[in-house]
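Now for the letters of each chain:
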Amino acid sequence: MEKVLNYIGGELVPAKGGQWLDKPEPATGALYAHVPDSREEDVHSAVEAARRAFPAWSALPATERSRMLRRIAGLIHERLDAFARAESIDTGKPLSVARTVDIPRSVVNFEFFADAATQFASEAHAMDGVALNYTLRSPLGVVGCISPWNLPLYLLTWKIAPALAIGNCVVAKPSEVTPMTAFLLSQVCRDAGLPPGVLNLVHGLGPNVGGPLTRHPDVSAISFTGSTRTGAEIARVAAPAFKKLSLEMGGKNPNVIFADCDFDEALSTTLRSSFANQGQICLCGPRIFVQRPLYARFKEALVARTQALKVGDPLVEGTDQGALVSREHFEKVLGYIDLAKQEGGHVLTGGQRAKVPGRCEQGWFVEPTLVEGLSSSCRTNQEEIFGPVATLMPFDDEEEVLAWANSTRYGLAGSVWTKDLTRAHRFASRLHSGIVWVNTWMLRDLRTPFGGVKDSGVGREGGWDALRFFTEPKNVCIKL
């Protein structure tokens, strides 16, 4: 039985109260680890460690901080197989995905912001020979980072890398559902020689760790990725304290396919954008709108490709779909499939618990599911399912599908498939979404801002936006 430990002040320690949370393996349902059930006193210790470390860390030249982040990136890369296996066991995702996506992108996060920190510049504005204005940007101090369970190391490093690179010290709360790669990261930081207290990782439940972290008076900012409900609670608590907030939350993203698209490319990418990571990515496109002249052909081909996906043991080569992350989430997804049927939907394929023999017989697997016959306004098409469930809907014209695409409370991402360049620009500009892909999906440039509108969040991560978020601007005006 493995035991995860907190990383506070450079030391690996259990929760002060000595309590533990059980951590099962999604693919088997069997208990395989214990996680610290940390509380407010653990958060307080982590914040104090970060406060002590901040003066020296922030005073280091950017080149020195950059070298440290590159050292961490190098050690993760050297231990890629161990990280990937831990991520796969912890989340239920295929080992091949963890090995080729999650862990390599985590390495790139550190490398990218290691470089960005050395290139970060301030603005200057001359006032026609009267004065010179320039902006100084200083690190905030101690910042909190709260990351989700679907892409554990990838999204954790996406937050902590820019915060550390620009000179802050971090107290981070990884998801208690998927803690293992954060624990491995803490060991990497020790081996890399990261000064004690610069990064602290506190494991535990949201109300017991995330709540105290958000409330703590010495935490200047919170960067959060997770559910809209939790984000709303963070905003409620943090607003009276005037903390900086970056909230990247849910999505119910449209995938709009016009009849003039590249059929093969749209088909293969739609399969991926519907079911990647078992549909447990906030950027997935579970609402598939297909223009009516293409609808029958596209539906038939997509159903066939979906049925060909192999659901199986995440650790076995060739598995396309692994397990859902927890029993609670597994039951939620199956509940939404039942809801889709109650709302009049017709299940084209899937719709049931997937049976995986052998060691995974008791695992939390759901068949990749396609549903048609539902209106755009029904709950199935309005609420975030976050699982391997997608709906197909035909449309006739651009105005009709634009209204349907924009009809949800979410606005994170969207995809548009068309060879008409004018329509692509026009439609993308009118889509209520922070991110729009045209004839592609999940193609990310780390220099660009990332985030949503409406209930999908506030603030932006990525590139200069991330570095600006983790700094405080000060304008200096010098009379000439």
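Going by an unreviewed UniProt entry, the protein carries the name Aldehyde dehydrogenase and comes from Corallococcus praedator.

1. Side note on the overall build of the protein
When you go through the protein residue by residue, the secondary structure sums to 15 helices and 23 strands. For 480 residues, the compact-globule formula gives about 23 Å, and the C-alpha radius of gyration of the protein, at 23 Å, lands near that figure. The buried share of the protein, reckoned over its 480 residues, is 58%. Look at the contacts in the protein between residues 6 or more apart in sequence, and 74% of them connect residues 24 or more apart. For the protein, the computed accessible surface area is about 19000 Å², with 53% contributed by carbon and sulfur atoms.

2. Thoughts on helix α13 (residues 398-405)
For α13, the full list of buried residues reads E398, V401, L402 and A405. The arc that holds every buried residue of α13, seen down its axis, measures 105 degrees, which confines them to one face. Among the structural elements, β13 (254-257), β14 (287-291), β17 (389-395) and α14 (421-430) are those in contact with the buried residues of α13. The N-capping residue of α13, defined by a side-chain oxygen 3.2 Å from the backbone nitrogen of E399, is D397.

3. Re the nonpolar core
Counting residues in hydrophobic clusters, the biggest one holds 96 residues, and the most contacted among them are I72, L185, L199 and L283. Once residues within four sequence positions are removed from consideration, L185 is found in contact with I72, I76, F83, F110, L153, L156, T157, I160 and L199.

4. Digging into the layout of surface pockets
In this structure, the largest pocket encloses a volume near 1400 Å³. What lines the largest pocket is a set of 40 residues, among which W149, G226, S227, R229 and T230 lie closest to the centre. Contributions of two or more residues to the lining of the largest pocket are made by α7 (206-215), β11 (221-225), α8 (228-238) and α11 (327-342). Considered class by class, the residues forming the lining of the largest pocket number 15 nonpolar, 15 polar and 10 charged.

5. A closer look at the sheet that holds strand β4 (residues 20-24)
Taken in spatial order, the three strands of this open sheet run β1-β5-β4, and their pairing is mixed. What marks the edges here is a single partner per strand, and that holds for β1 (2-3) and β4. Bridging between β4 and strand β5 (residues 31-36) involves five bridges; their strand directions are antiparallel. Its bridge partner being in β5, W20 is matched across the sheet by P36.

6. Section: the pairing of strand β16 (residues 369-372)
Across the two faces of β16 the burial is the same, with T369 and V371 and L370 and E372 all buried. When β16 meets β17, the two strands line up parallel, connected through four bridges. Bridge pairing links E372 to L392 in β17.

7. Considering helix α5 (residues 152-165)
Here α5 is 14 residues long and its end C-alpha atoms lie 20 Å apart, about the 20 Å a rise of 1.5 Å per residue gives. Summarising burial for α5: 14 of the 14 residues are buried, a large majority. The positive-phi residue at the C-terminal boundary of α5 is G167, with phi of around 115 degrees.

8. What to know about empty space enclosed by the protein
Under the defined criterion, the tally for this structure stands at four cavities of 30 Å³ or more. Estimated volume of the largest cavity: approximately 140 Å³. In terms of lining, the largest cavity is formed by L151, Y154, L155, W158, E248, I281, C282, L283, M442, R444 and F450. Among the residues forming the lining of the largest cavity, the class breakdown is nine nonpolar, no polar and two charged. By volume, the second largest cavity amounts to about 110 Å³. Along its surface, the second largest cavity is lined by 15 residues, and G279, C284, P286, F386 and G387 are the ones closest to its centre. The class makeup of the residues in the lining of the second largest cavity is seven nonpolar, six polar and two charged.

Rules behind the numbers
- Residues numbered from 1 in each chain as written.
- Predicted model: local features only at pLDDT ≥ 70, side-chain atom pairs only at ≥ 80, totals over all residues.
- Heavy atoms only, no water.
- Helix = DSSP H or I, 4+ residues; strand = E, 2+ residues; numbered from the N terminus.
- Rg over C-alpha atoms; globule rule 2.2 N^0.38 Å.
- Buried < 20%, exposed > 50% of the residue type's maximum accessible area, 1.4 Å probe, protein only.
- Contact = heavy atoms within 4.5 Å.
- Areas by Shrake-Rupley, 256 points an atom, 1.4 Å probe, with all protein chains shown as cover.
- Arc of directions from axis to C-beta.
- Polar contact = N/O pair within 3.5 Å; in protein donor to acceptor, adjacent residues only side chain to side chain.
- Core = buried A, V, L, I, M, F, W, Y, C linked by side-chain atoms within 4.5 Å.
- 1 Å grid on protein atoms, 1.4 Å probe; cavity = no way out; pocket = protein on both sides within 12 Å on 5 of 7 lines; lining within 4 Å.
- Points joined across faces, edges and corners; volume = space filled by probe spheres on them.
- Nonpolar A, V, L, I, M, F, W, Y, C, P; charged D, E, K, R; others polar.
- Pairing = 2+ DSSP bridges.
- Expected span 1.5 Å × (residues − 1).

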